[in-house]
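Topology and contacts: notes
What follows is each chain in one-letter form.
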Amino acid sequence: MLSTTGRKEKLPASKGSEIEVSLDWHHHRLGEVWYRATLQENLAAASSKRKKLSVRHLNPLLNEDHSPPVITTAVHRLLRPVPPPLEVGFGEGDMIDAAHKDGWWSGWVIKVMGNGRFLVYLRFEPDVIEVERKDLRPHLVWKDEEWFRCCEEKLLTEKEFSTGTTVEVKKKVEPFGIIWAPAITIKENETGTLLVKYKGFGREGRKTNVSYSKIRPSPPPFGSRAFGLMENVDALLESGWCPSVVTMVLSWNRYAVLLGRNKPCEVFNHSQLRPSVEWSDGAWQTQEEKANEESNNIESVNERQRGQQPQVSASQTPDPMPNVVETPKAKETIMVLPFVKKSPCWQVLESVEILKAVPQHPHFSPLLKCKEALREGEAIRAMINFAKLLGIVGDLQVDASLNDINSINEFFLMLEKYGFDVTAPRAKIEKLLSIKESRTWALEELQVAERVMAEKDNKRRKLEDQIVELQRQEALLKEEKVREDKEIARIQSEAVVLDQKVQNAVQEFLVTATAPW
């Protein structure tokens, strides 16, 4: 539906005039994207409206898809004057043009976000983008040299995943397993899938088609409450939100968290965590809430089984993977696990040599807080982690850092809550720490001794150098003494001759004086 603006305008005819040009994408995209350009020749030079005119695009994006070349040719029907500015407001469903990739792309306003910002749907790509008010204009049509405004309003349906809805997409990311990545819906496809665009986390702007089974709404904010030990949380990674478990509550609002399926442990700030919730039957539910009813059911079963006092005799052939475990300390005591052993992994674990050397009978009672379907897997993972930790302790080197050894000790303490007997490995760790402390003290004393020895050796070398210097000076002095002795002998010899001359002169004087006249 078009309504006149009352403004008429002819297409500029002179070279260098500023106009708008649309690209003829398969003919049916005419008018959905308009680019600012200038005429490269006079309009009068075209004798026919079918002749193509050269135009130069302003601010082309040479590296973007759907971007125009710097200079192109276009027929008359793809050219129009620059639309006049209109001061109008925009509401949800209004047809607009949005500034995008150096062009004006037609679409609809799907949400007024406040602060002068709008969420709009673009028809051409398609896409959903957020723009400011200055980057919007009414969608105008130039027809018969007159401007008309398109008053068509898009009827926005209230669907669970309608266009522009913030959602999360489930995907598998190694080595963590399931990750929930934030995204925004663009449109529903005819194939029964949804076109979505990822938001942030290194995937900003990437689009993909996903099935409804892999989409859920964005979880509601949870406030600023603290998280508890062993609480199920989602940890913020580069790829999205990873279901995890809090293993330690640290200082300064930090938490140690076991991540995903393979359970690597990392430290996160409070702002990087949120409660792990599940979207079920149109409502959000935490895993702890869902586990309460299951926990009550398990407790009821445990009470009934404890009341029956079942006995396990040595002659009986037990089920190879029971959920009833006979404790070694008191065979009359029966421990009921919070799950049924169905996986063949248990038989494999029973054959592991390191677990034979340190037999374990954990009760796994903290798993009552988990979903029933996840308990056996978590128990197997705990057994594997226990075996890994034993292996790590056995492979420790004397130069291992104290932080690493203390971390292993803390992991054993976590497993102790599941009923693991960690007395022996922790005693070994304490002994290793004691040995390492003694070694550290000895190393420090050795360093002091080596430092003193180096100082003494340095002083000794200086004294030796002084002795060598004195010996050199002594040799020089001796040489000088020999020269002086020779000089003295020479002078003494000359003195004897001179003394004789003196005596001769005196004798001659007396003889001469007393001689007769």
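Only a predicted model underlies this, so the values are computations on that prediction, with no experimental measurement involved.

A tally of regular secondary structure across the protein chain gives six helices and 27 strands. Counting the 517 residues in the protein chain, one finds 36% classified as buried. Considering only intrachain contacts with a sequence separation of at least 6, the fraction spanning at least 24 residues in the protein chain is 55%.

Before going further, it helps to spend a moment on the side chain of Arg 375. Residue placement: Arg 375 occurs in helix 4 (residues 372-394). By relative accessible area, which is 0% here, Arg 375 ends up buried. Here Pro 338 takes part through its backbone oxygen, which lies 3.2 Å from a polar atom of the side chain of Arg 375. For Arg 375, the side chain forms a polar contact with the main-chain oxygen of Leu 368, separated by 3.2 Å.

So, on to the sheet that holds strand 12 (residues 140-143). Ordered by their spatial adjacency, three strands build an open sheet running 1-13-12, and the pairing between neighbours is antiparallel. A single partner strand is all that each edge strand has here, and the edge strands are strand 1 (2-8) and strand 12. Here the average twist between neighbouring strands, direction ignored, is 30°. As paired elements, strand 1 and strand 13 (residues 146-150) share four bridges and run antiparallel to each other.

The next subject is the confidence of the model for the protein chain. Here the protein chain averages 81 in pLDDT, while 82% of its residues score no lower than 70. Taken together, the stretch residues 329-333 has pLDDT below 50 and engages in four contacts with residues farther than four places along the chain or on a different chain.

Okay, unusual backbone geometry next. With a phi angle near 60°, Glu 145 is a residue other than glycine that sits in the positive phi range. Tracing the backbone through its elements, the reader meets Glu 145 in the loop between strand 12 and strand 13. Residue classification places Glu 145 among the partly exposed residues on the basis of a relative accessible area of 37%. Here the phi dihedral of Trp 252 falls at roughly 60°; this positive angle occurs in a residue that is not glycine. You can see Trp 252 is positioned in the loop between strand 20 (240-249) and strand 21 (254-259). Classification of Trp 252 by relative accessible area gives exposed; the value is 75%.

Turning our attention to the pairing of strand 20. In terms of burial, strand 20 is largely enclosed, as seven of its 10 residues are buried. Hairpin connection from strand 19 (residues 232-237) to strand 20: two residues lie between these consecutive antiparallel strands. Sheet topology note: the strand 20/strand 21 ladder contains five bridges and is antiparallel. By the bridge assignment for strand 21, Val 245 is matched with Leu 258. Here strand 20 folds back onto strand 21 in antiparallel fashion, the turn holding four residues, of which Trp 252 has a positive phi close to 60°.

Below, the discussion takes up the pattern of salt bridges. Per the stated rule, a full pass over the model turns up 25 salt bridges. The residue Glu 20 makes a salt bridge to Arg 80 at a minimum N-O spacing of 3.1 Å. A residue pair is termed long-range when its members are at least 10 positions apart, and Glu 20 in strand 2 (residues 18-22) and Arg 80 in strand 6 (residues 79-80) qualify at 60 residues. For Glu 20, a relative accessible area of 0% gives the class buried.

So, on to the pairing of strand 19. Burial analysis of strand 19 places five of its six residues in the buried class, the great majority of the element. The pairing of strand 19 with strand 20 spans six bridges and is antiparallel. Within strand 20, the position partnered with Val 233 by the bridge is Ser 244. In terms of strand pairing, strand 19 meets strand 23 (residues 273-275) through three bridges, oriented antiparallel. Pairing of Val 233 across the sheet is with Pro 275, part of strand 23.

Where helix 5 (residues 402-416) meets helix 6 (residues 423-514), the closest approach of the two axes is 10 Å, and the angle between their N-to-C directions is 165°. Regarding the angle of helix 5 to helix 6, the classification is roughly antiparallel. In terms of crossing hand, the pair formed by helix 5 and helix 6 is left-handed. Touching Leu 402, Ile 405, Asn 406, Ile 408, Asn 409, Phe 412 and Leu 413 of helix 5 are Pro 425, Arg 426, Ile 429, Glu 430, Leu 433 and Lys 436, all from helix 6. Considering only residue class, the contact of helix 5 with helix 6 consists of eight nonpolar, two polar and three charged.

Taken together, the side chains of Val 502, Val 506, Phe 509 and Leu 510 make up a nonpolar region of the molecular surface, amounting to roughly 400 Å² of accessible area. Residue position: Leu 510 is located in helix 6.

The next subject is the packing of helix 4 against helix 5. Viewed as axis vectors pointing N to C, helix 4 and helix 5 meet at an angle of 150°, and their least axial separation amounts to 11 Å. It follows that helix 4 is roughly antiparallel to helix 5 by the angle criterion. Note on packing geometry: the crossing formed by helix 4 with helix 5 is left-handed. Contact residues: Ala 382, Asn 385, Phe 386, Leu 389, Leu 390, Ile 392 and Val 393 in helix 4; Ile 408, Phe 411, Phe 412 and Leu 415 in helix 5.

Conventions used here
- Residues numbered from 1 in each chain as written.
- Predicted model: local features only at pLDDT ≥ 70, side-chain atom pairs only at ≥ 80, totals over all residues.
- Heavy atoms only, no water.
- Helix = DSSP H or I, 4+ residues; strand = E, 2+ residues; numbered from the N terminus.
- Buried < 20%, exposed > 50% of the residue type's maximum accessible area, 1.4 Å probe, protein only.
- Contact = heavy atoms within 4.5 Å.
- Polar contact = N/O pair within 3.5 Å; in protein donor to acceptor, adjacent residues only side chain to side chain.
- Pairing = 2+ DSSP bridges.
- Axes fitted to C-alpha atoms, helices over the stretch in contact; angles between N-to-C directions.
- pLDDT = per-residue confidence, 0-100.
- Salt bridge = Lys/Arg side-chain N within 4 Å of Asp/Glu carboxyl O.
- Parallel < 35°, antiparallel > 145°, perpendicular 65-115°, else oblique.
- Left-handed = near helix turned anticlockwise from the far one by under 90°.
- Nonpolar A, V, L, I, M, F, W, Y, C, P; charged D, E, K, R; others polar.
- Patch = residues over 30% accessible without salt bridge, like charges linked within 9 Å, V, L, I, M, F, W, Y side chains within 5 Å.
- Areas by Shrake-Rupley, 256 points an atom, 1.4 Å probe, with all protein chains shown as cover.

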